[in-house]
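Below are the chains, spelled out letter by letter.
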Amino acid sequence: MARATPIISSFTGGEVSELIYGRPDQNRYYTSSRRCENFICLPQGPAERRGGTRFIERAKFPDRKVRLIPFEFSDVQAYAIEAGDHYFRFYMEKGRIAAAGPAWAASATYAKDACVSHAGFVWRSLQSGNNSRPPDVSPAWWVVATICEIESPYGADDLPGLKWCQSGDVMYIVHPKYAPRRLSRTGHAAWALDIVDFVDGPYLEENPTSTTLSLSAMSGAVTIYASSAIGINGGAGFVAGDVGRLIRLKPSTTTWGYVKITAVNSALSVNAVVHQNFGAANSTAAWRLGLWSDNTGWPSAVTIHEERLTFASATKLRPQRIDASKTGDFECFSPGTGDADPISFSVGSNKVNKISWISSMRALLLGTQGGEFAVISSGSGAALTPTGIDVKLHTRSGCANIAPVEVGQAVLFVQRLNRKVREMRYAYESDGYATPSLTWWADHVTRTGVLELAYQQEPYSLIWAIRSDGQLIAMTYLPEEQVSGWHRHPLADNGAVESIAVIPGDGADQLWIVVRRVVNGATVRYIEILEDPLPLDGSQADAYYVDSGLSYAGPPVSRLTGLDHLEGKAVQILAGGGVHPERTVSGGAVDLAWPAIKVHVG
């Protein structure tokens, strides 16, 4: 019997599961492969070998996990943030941000030609043959860069719970254990991380009990006394976690004001600072406690929707609550009923599942562990207002506590057990949202669990993801052309990817990665970038296909230094466009068999 071998002219379907091998009735059967490893499926049909990863910097602490945060002001001002154990470091243009300036170490001895971090500066030895500090008359130690680093409240274990959104030079960062922070940039090396001082809210409902609060004064620093603990923290009265919490009061018949608690004296007494003066200091039963505090919890997700800074809370009291700021005033939550006033509502469902993420599309989309919701105005075509909100459950897929990615008119998210990626998209035929699976044909690729997602629009429209085992995976995603194919990208030398972020680069988006490696017997964590493949019209000397590598371009050299991050490793070398024999890095250097003006090592 004759055997037919049909032509496979496209690989847009990527790698498929064994369960698809017997499905020739599926169109994807003819555009897929059994194995697609370290190749990118191009939307046009071919599969192209991925580029290598370039070493950028060591993470501050090699023994602690790191998270990458993208900060994009514009296409030419984009940053990658190394969020580590109680610190942020900043990168741009494939390097760590630093400010140059000459100086010398007052007392230190370093090896010749060393470049080390010490006392907040990067020091480099310029004096040959001398490993001590230079004499005053001829300084040879220079501060070549200050380390651009700021403190953060987040420990290494907190990093997976961070979520953020950005408006211009300001990023709002949330975590359910910490008050929201504002990360602001005033220059490449000028960053600040501050607690957001929200104006007048948000609050819980007005006190329904007979408990009264009285103030010692109408302005400035005051003491507040409660007549009873009833109605305060479930009858426990004030607790230590209430420091920083807001209280709204109406001591007179017409005037509301608010204070921030600065100290808890007892269950019935707190010290506070008045932020909005009162018309009287009478005792009153008209009061409202702030929604957020160390005691009740803080927002767990954030986005900007219809010019409102919008939070989803993971508080003990309101796990399904949404709070949106005043229109155009991101930090004002002063209660009101006008169309531009802040919005507060809770998602009604038969199960109380915390909100995992929120996303701003044509509607405000919410992902919970039990299902996916869309929030629109109850008025036709109108914006959301305090009195015009319509919340509907659309699907019941359930969401993992992982930030989604927004691609065109779709939101791609990880399902509740971390094993599937789904697409939430509006369907005109049903006038609602659907969440079809994007992994059903390649479920083995994500079976170990997905931890993070990132979207690289240029040059190929790729959804990048990292698995719980550290493998980097991706999906070519171009739904308007019916293109969606998964491919896997294991890094050389068993490098395990722990975090990813995408920022605009020169001519294409850059995928930044945190890689955990074992080098010279020790665990290290490196910041690296995935380079683009060689273009069709490129020179072979520019082919960069090594991992954790570096490049040299300049006068002919026979010895390459600066490879300390690969000490003891056998490395591959492309020298002058030719494949060079393998070398082992010793003393941070390798010797070449022939001089070369352009070299890639990794």
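Preceding block: the structure.
Below: a short report on this structure.

Parameters and conventions
Residues numbered from 1 in each chain as written. Predicted model: local features only at pLDDT ≥ 70, side-chain atom pairs only at ≥ 80, totals over all residues. Heavy atoms only, no water. Core = buried A, V, L, I, M, F, W, Y, C linked by side-chain atoms within 4.5 Å. Buried < 20%, exposed > 50% of the residue type's maximum accessible area, 1.4 Å probe, protein only. Helix = DSSP H or I, 4+ residues; strand = E, 2+ residues; numbered from the N terminus. Contact = heavy atoms within 4.5 Å. Salt bridge = Lys/Arg side-chain N within 4 Å of Asp/Glu carboxyl O. Pairing = 2+ DSSP bridges. Axes fitted to C-alpha atoms, helices over the stretch in contact; angles between N-to-C directions. Phe/Tyr/Trp six-rings, centres within 6.5 Å; stacked < 30°, edge-to-face > 60°. Lys NZ or Arg CZ within 6 Å of the ring centre and 35° of its normal.

**Brief notes about the nonpolar core**
Counting 32 residues, the largest nonpolar core has L213, I224, F238, I247, L249, V259 and F311 as the members making the most contacts within it. Of all the secondary-structure elements, those providing two or more residues to this core are β16 (170-175), β19 (213-215), β20 (221-226), β21 (246-249), β22 (257-266), β23 (269-274), β24 (287-289) and β26 (308-313). In contact with I224, other than residues within four places in its own chain, are L213, S214, L215, I247, V259, L268, S269, V270 and A272.

**A look at the side chain of T303**
Note on placement: T303 falls in strand β25 (residues 299-305). Among the residues examined, T303 registers a relative accessible area of 8% and is labelled buried. Ignoring sequence-local partners within four residues, the contact set of T303 consists of C165, R308, L309, T310, I358, S359, S360 and L364.

**What about the pattern of salt bridges?**
Tallied over the entire structure, the rule returns 31 salt bridges. R35 is the partner of E37 in a salt bridge, and the nearest nitrogen-oxygen pair spans 3.0 Å. Overall, E37 belongs to the partly exposed group, its relative accessible area being 26%. Measuring nitrogen to oxygen at the nearest pair gives 2.9 Å for the salt bridge that ties R182 to E331. Within this pair, whereas R182 is found in strand β17 (residues 178-187), its partner E331 is found in the loop between β27 (321-324) and β28 (343-346), the two being separated by 149 residues in sequence. Each member of the pair, R182 as well as E331, is classed as buried.

**Some details on the environment of A189**
Counting through the fold element by element, A189 comes out in the loop between β17 and β18 (190-195). Residue A189 is classed as partly exposed on the basis of its relative accessible area, which comes to 43%. Excluding its chain neighbours within four sequence positions, the residues that come into contact with A189 are I97 and C148.

**Here we look at the sheet that holds β23**
Pairing is antiparallel in the open sheet, where six strands are placed in the order β19-β20-β23-β22-β21-β24. With one partner strand each, in any of the chains shown, β19 and β24 form the two edges of the open sheet. Going across the sheet, the axis of each strand differs from the next one's by a mean of 35 degrees, ignoring polarity. Pairing geometry for β21 and β22, over four bridges, is antiparallel.

**Overview of the packing of aromatic side chains**
Per the counting criterion, the structure on display carries 21 aromatic pairs. On the basis of an interplanar angle of 85 degrees and a centroid distance of 5.4 Å, the ring pair of F198 and F333 is categorised as edge-to-face. Here F333 lies in the loop between β27 and β28 and F198 lies in the loop between β18 and β19, a separation of 135 residues in the sequence. Take F198: its relative accessible area is 7%, and that puts it in the buried class. Ring pairing ties together the aromatic residues F71, Y79, F90 and W191, which thus form one cluster. The side chain of R34 reaches across the aromatic face of Y21, ending 4.5 Å from its centre.

**Comments concerning the pairing of strand β45 (residues 570-575)**
Sheet analysis places β45 next to strand β46 (residues 578-584), joined by five bridges and oriented antiparallel. If you follow A570 over to β46, its bridge partner there is T584. Counted between consecutive antiparallel strands, the loop separating β45 from β46 contains two residues, among which G576 sits at a positive phi close to 60 degrees. Judged from the three bridges that link them, β45 and strand β47 (residues 590-601) form a sheet pairing that is antiparallel. Bridge assignment links I573 to a residue of β47, and that residue is V601.

**A few points about the sheet that holds β46**
With antiparallel pairing, four strands are arranged side by side in an open sheet as β44-β47-β45-β46. Looking at strand neighbours, the two that pair on one side only are β44 (550-560) and β46, the edges of this open sheet. Averaged over all pairs of adjacent strands, the angle between strand axes in this sheet comes to 40 degrees, irrespective of strand direction. Across seven bridges, the pairing between β44 and β47 is antiparallel.

**Focus: the environment of Q457**
Secondary-structure assignment places Q457 in the loop between β37 (450-456) and β38 (462-467). C-alpha separation for the pair Q457 and A324, spaced 133 residues apart in sequence, amounts to 29 Å.

**Here we look at the pairing of β16**
Within β16, five of the six residues are buried, which leaves it mostly tucked inside the rest of the structure. Relative to β16, strand β15 (residues 163-167) is paired through five bridges, and the arrangement is antiparallel. By the bridge assignment, C165 is partnered in β16 with Y172. Following β15, the chain reverses through two residues before pairing antiparallel with β16; G168 in that reversal takes a positive phi of roughly 60 degrees. Sheet topology places β16 next to β17; five bridges connect them, and they run antiparallel. Within the sheet, the bridge partner assigned to M171 lies in β17 and is L183. Between the end of β16 and the start of β17, which pair antiparallel, lie two residues.

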